[in-house]
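# Examination of the molecular architecture
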Amino acid sequence: MTTWLLRRLVQAVFVMLAMTVIVFVGVNVIGDPVEILISPDADQAERLRVIAAFGLDKPLWEQYLHFLGGVVQGDLGKSFVFNEPALRLIGGRFPATMELAFTAVALSVIVGIPLGLYAGLKPDGLLGRAIMAGSILGFSLPTFWVGLMLIMVFAVQLGWLPSTGRGTTAEFLGIQWSFLTRDGLAHMVMPATNLALGNIALVLRLTRAGVRENLGLEYVKFARAKGLSPSRVLFVHVMKNIMIPVVTVIGLEFGSVVAFAVVTESVFAWPGMGKLIIDSINVLDRPVIVAYLMMIVVLFVTINLLVDLMYTVLDPRVRLDGRE
Amino acid sequence: MREETPFRRFVSEFAASKVAVIGFVVVVIVALLALLAPLLAPQNPYDLAQLDIMDGRLAPGAKSLTGMVFWLGTDDQGRDMLSGIMYGLRISLSVGVGSAVIAGVVGSSLGLLAAYVGGWVETAIMRLVDLQLSFPAILVALMILAFLGKGVGNVMLALVIVEWARYARTARGAALVERRREYIEAAECLALPQWRVLFRHLLPNCMPPLIVIGTIQVARAITLEATLSFLGLGVPITEPSLGLLIANGYQYMLSGKYWISFYPGIALLVTIVAINLMGDQLRDVLNPRLQR
Amino acid sequence: MSGLTLEVRGLSTHFDTRAGTVRAVDGVSFSVRRGRVLGLVGESGSGKSVTGFSVIGLVDPPGRIAAGQILFKGTDLTKLREEELRRLRGNRIAMIFQDPMMTLNPVLRIDTQMMETVFAHTKVSRQEAWERSRDALGMVGIPSPEERLSSYPHQFSGGMRQRVAIAIALLHRPDLIVADEPTTALDVTIQAQILAEVQTLAREYGTALIWITHDLSVVAGLADEVAVMYAGRIVESGVVGEVLDRPLHPYTHGLIGSVPSRNKRGSKLRQIPGMTPSLVDLPKGCAFRTRCSHADAACAEDPPIIEPGPGRSLRCFHPQLESVA
């Protein structure tokens, strides 16, 4: 178990290193940093001064090491637009995105699993088939368009829900949260639903497939032969088996949810880091872009590690084989 | 009695699903609308001489000062939305199909190469594929556009980089199965040149799964391009795809002028769903594991 | 009461499929007494397992019990509601399944799977449920049951898993156990051990046992009575010694003839020609006639059940009186 964890940690470090190379090459080789750092009307002396100050006259590998040193110390430069350390800027927007992403994941579980259970138990029923047809739409509809339609119907036509922003926030643990106020919750309903749609479809399909597969297995018949109630058979025996793939996939999808928050945050003007990165790309605020990318990479690697760990906790077969 | 050719059998199997046939018909209509837009569209929406700002933001069905009917309304510039959508489809489809084809060629070649050569080449290619696929497409695309900047060419490049990995994985999988077949062995025994074995013998037999992936990838590419354009990172304003049309209408939606965003969205939706329906049936027909 | 634990009368279990109605079990009657073992013998597809599932009330759609009575200690199980059946299952009637690798839930610990069976039928403390589970494991010969209780199924061998399943079946000292080929998937030595243990336990508690198998040698060693099934019907039944020594039905003859035997080393095994018929809309008449060397025009009608001797029954127009060669 320890060797396994160690090996995974080493792998994770290598992936992160690979990503720093990609990001560094992308920003400093493909793009031209001088152009961004220096105003066009600067004279030649000013140019050279800046180039020397930023170490752009040094060989590439030295520049990379310098960059890497900055990454390790959490120093990724200052935002050109906000004149603030890029990492602090991203960090300030981080909670809003996480709040939205966690709510979306929670929604996809709360909605997806019951729907999947129903569709799995009644695969030929009208409702069961309707759920499946709906899940296909959940996959193929473009996120941003669904977001627009939600705004059109619930904000413009019906006027039930606010369309943009986080609403009133309240402080908890030194951070502002929307879910603590009524107004904030109302602001969260549409963005969270929008972000959750794809994953609701995914979770419900996984759950349905799991129910269909497990109900046919002998252990279910044996559980019934023991005289267990139907609810215990379904919610303990079958669920425990289904949860293994569902939890794995939800964990792995969390990264995608954070990435897709870029779209949802833009549609609903949710002030998270996704909105920030789009604005930054549009004005070429590179330190912020780099900070965002590094943040996302760390997030992804951490998630993958956590999911693997969770998997071994959930499935006794993997857990013990790993230990031996 | 007509002769039973593989192609005829394919057609009849494909036609077994009514939904898939509808999908196919819709795809053909959409493609024709896009191709023939200059002939069919009521106006050229990018010829400023044909536009009148006085016709701006008219509701569907309204008439222009010159008596032309705007069936789907107009945008803020007084552009006929129907024409705008037809021209938008041109951009969306060409970017989607173009990137899917390029990614298909690049990805399949690398996948075949990996399967055929093996060794460290295979390891290197497949590691790259794994790394690439572990990040969501939107993120990879954002990253590339952040490095390169906007523009049609860069969007296509981003889409190709996002998509090639799936083709590579599929091609390698199919090629590994085909490699063990006797006809490859026979070709190698004849001492045919390697490129010939690879492209004339191996590739054609790996095509079915690649076609299936290709169909679905076109839909994915169109969606992704629309999303990027909506975010303002995709095609420039001079070449508006469906995604950009939707983005342009977004600000007017809050004031109830829904049509500027709504109809391009419907066009996008119909296109994507139709391609996916077609792809589903193709997968069933072309999947060798399902063949009786 | 007559000491009959179970009496099945004219049981028919049908499956409505798109291809037609499958009469998996078609007018089957048998009975089992307290402490006795009935061997239910037949090839795969003969309906013996479906008979077992019918008794315990676990026939899933599209299957249904179309006719007949299942009298368990005088109560007709076919008339009970699902909740009443559930209270009997695992409590008064238990079942053991064929493949021990598949019957235990892979992600639940053994103690969970045993204790939930206790809680399903009695209100006891966790401590008592745990003790009962431990005792049951000890009874089926699992060493150091205290420790094994907190294991997961995959940490057990196939034979051990089947013992766990048997221990679960024994938790409530049931009146009837339906065992569906429980030793088929096991090694021969383990099979023998388990057979001996089950037999002892059944005798001790007066449990009636229905042992479903395709293996005549198991029946010969274990059962008191035997019923031979073919294409959904019992074609012959009676006391084990009599049926195996003096089979009357041509099918039973064939079955016995196809068992390898020590006494006739070198002689060719006889096999029954042909295949079991499809049960979809099976035509009237003796289902075995297409494979039977004695069949004639009479066999196109349903053979009546005759009683050639005390406690014996037979469905055949042409009883074979000469002994098995």
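Note that this is a predicted model, so its numbers are computed, not measured.

### Some details on the sheet that holds strand E1 (residues 4-17) of chain C
All names here are of chain C.
- Read from one edge to the other, the open sheet built from four strands follows the order E2-E1-E4-E5, with strand pairing classed as antiparallel. Strands at the two margins of the open sheet, each flanked by one partner only, are strand E2 (20-33) and strand E5 (75-76).
- Direction of pairing for E1 relative to E2: antiparallel, over a ladder of eleven bridges. Each residue of the ladder has a partner; that of threonine 13, found in E2, is valine 25.
- Set on the sheet, helix H1 (residues 48-56) makes contact with E1, E2 and strand E4 (63-72); between it and E1 the angle comes to about 115°.

### As for the pattern of salt bridges
- Going through the model one piece at a time under the given rule, you end up with 27 salt bridges over all chains.
- Between Glu122(B) and Arg172(B) there is a salt bridge, and its shortest N-O distance comes to 2.6 Å. Placement of the pair is Glu122(B) in helix H5 (residues 119-133) and Arg172(B) in helix H7 (residues 152-179), with a sequence separation of 50 residues.
- Judged by relative accessible area, which is 23%, Arg172(B) ranks as partly exposed.
- Among the salt bridges present, the one from Lys48(C) reaches Glu181(C), with a minimum N-O distance of 3.4 Å. Placement of Lys48(C) in helix H1 and of Glu181(C) in the loop between strand E7 (176-180) and helix H8 (188-205) is noted, with a sequence separation of 133 residues between them. Per residue, the accessibility class of Lys48(C) equals that of Glu181(C), and both read buried.
- The network of salt bridges with common partners includes Arg36(C), Arg203(C), Asp224(C) and Glu225(C).

### Some thoughts on the interface of chain A and chain B
- Taken residue by residue, the interface counts 38 residues in chain A and 35 residues in chain B.
- Taken together, both faces of the contact between chain A and chain B bury some 3200 Å²; the carbon and sulfur share is 84%.
- Taken as a group, Phe144(A), Trp145(A) and Leu148(A) account for 19% of the area that chain A buries against chain B, more than any other trio of residues on that side.
- Applying the counting rule to chain A against chain B returns zero salt bridges.
- There are zero residue pairs in polar contact (both at pLDDT 80 or more) connecting chain A and chain B.
- Elements that contribute at least two residues to the side of chain A that touches chain B include exactly helix H1 (2-30), helix H7 (143-157), helix H10 (230-267), helix H11 (273-283) and helix H12 (286-314) of chain A.
- The element contributing the most residues to the side of chain A that touches chain B is H10(A), with eight residues.
- Considering only residue class, the side of chain A that touches chain B consists of 29 nonpolar, eight polar and one charged.

### Looking at the arrangement of the chains
- Taken together, the two pairs of chains in contact show their highest number of contacts between chains A and B.
- The two units chain B and chain C are non-contacting; their minimal C-alpha-C-alpha distance is 20 Å.

### Brief notes about unusual backbone geometry
- The phi dihedral of Ala269(A) falls on the positive side, at around 50°, and the residue is not glycine.
- Inspection of the secondary structure puts Ala269(A) in the loop between H10 and H11.
- Not every positive phi belongs to a glycine, and Ala231(C) is a case in point at roughly 50°.
- Positionally, Ala231(C) belongs in the loop between strand E9 (225-230) and strand E10 (233-239).
- Its relative accessible area of 6% is what places Ala231(C) among the buried residues.

### Quick notes on the nonpolar core
- Phe144(A), Leu148(A), Val258(A), Val267(A), Tyr292(A), Phe230(B) and Leu268(B) are the most contacted members of the largest nonpolar core, which has 134 residues in total.
- Other than its neighbours up to four places away in sequence, Leu268(B) contacts Pro142(A), Phe144(A), Ile222(B), Ala226(B), Leu242(B) and Ile246(B).
- If you look at the next biggest cluster of nonpolar residues, it comprises 93 residues, including Leu195(C), Val218(C), Cys286(C) and Cys299(C).

### Focus: the packing of aromatic side chains
- Per the counting criterion, the structure on display carries eight aromatic pairs over all chains.
- Geometrically, the ring pair formed by Phe300(A) and Phe135(B) is tilted, given 5.0 Å between the ring centres and 35° between the ring planes. Separated into two different chains, Phe300(A) in helix H12 and Phe135(B) in the loop between H5 and helix H6 (137-148) make up a pair that spans both. Each member of the pair, Phe300(A) together with Phe135(B), is buried.
- Put simply, the rings of Trp145(A), Phe262(B) and Tyr263(B) touch in pairs and so form one group of aromatic residues.
- The ring of Phe53(C) carries Lys221(A) above its face, with NZ or CZ at 4.1 Å from the centroid.
- Arg148(C) extends its terminal NZ or CZ atom over the ring of Phe156(C), reaching a point 4.2 Å from the ring centre.

Cut-offs applied
Positions within a chain are numbered from 1, following the residues in the order the chain's sequence is written. A letter from A marks each chain and a number from 1 marks each ligand, given out in the order of writing. Local features in a predicted model are, by the rule used here, given only for residues with pLDDT of at least 70; side-chain atom pairs are given and counted only at 80 or more, and totals for whole chains, interfaces and linings are based on all residues. The side-chain values count all of the structure's non-hydrogen atoms but skip hydrogen atoms and water molecules. Whether two strands pair comes down to DSSP finding at least two bridges between them. The secondary structure listing takes helices from DSSP runs of H or I that are at least 4 residues long and strands from runs of E that are at least 2 residues long, numbered from the N terminus. In what follows, a contact means two residues having at least one pair of non-hydrogen atoms within 4.5 Å. Orientation is described by axes fitted as lines to C-alpha atoms, over the contacting stretch for helices, and by angles from 0 to 180 degrees between their N-to-C directions. Salt-bridge detection follows one rule: a side-chain nitrogen of Lys or Arg within 4 Å of a carboxyl oxygen of Asp or Glu. Whether a residue is buried, partly exposed or exposed follows from its accessible area with a 1.4 Å probe, protein chains only, as a fraction of its type maximum: under 20%, in between, or over 50%, in that order. Note on terms: buried area is the combined drop in 1.4 Å-probe accessible area of two parts once they are placed together, counting the loss on both. In protein, a polar contact requires one atom able to donate a hydrogen and another able to accept it; more generally it is a pair of N or O atoms within 3.5 Å, and residues adjacent in sequence count only if both atoms are side-chain atoms. Each residue is assigned to one of three groups, with Ala, Val, Leu, Ile, Met, Phe, Trp, Tyr, Cys and Pro labelled nonpolar, Asp, Glu, Lys and Arg labelled charged, and all others, Gly among them, labelled polar. Only buried Ala, Val, Leu, Ile, Met, Phe, Trp, Tyr and Cys residues count toward a nonpolar core, and they belong to the same one when joined by side-chain atoms within 4.5 Å. For Phe, Tyr and Trp, rings pair up if their centres lie within 6.5 Å, where Trp contributes its six-membered ring, and each pair is then called stacked (planes under 30 degrees apart), edge-to-face (over 60) or tilted (otherwise). Counting as a charge over the ring demands two things of the Lys NZ or Arg CZ atom: a distance within 6 Å of the ring centre and an angle within 35 degrees of the ring normal.

Read these as spatial facts, not as claims about activity.
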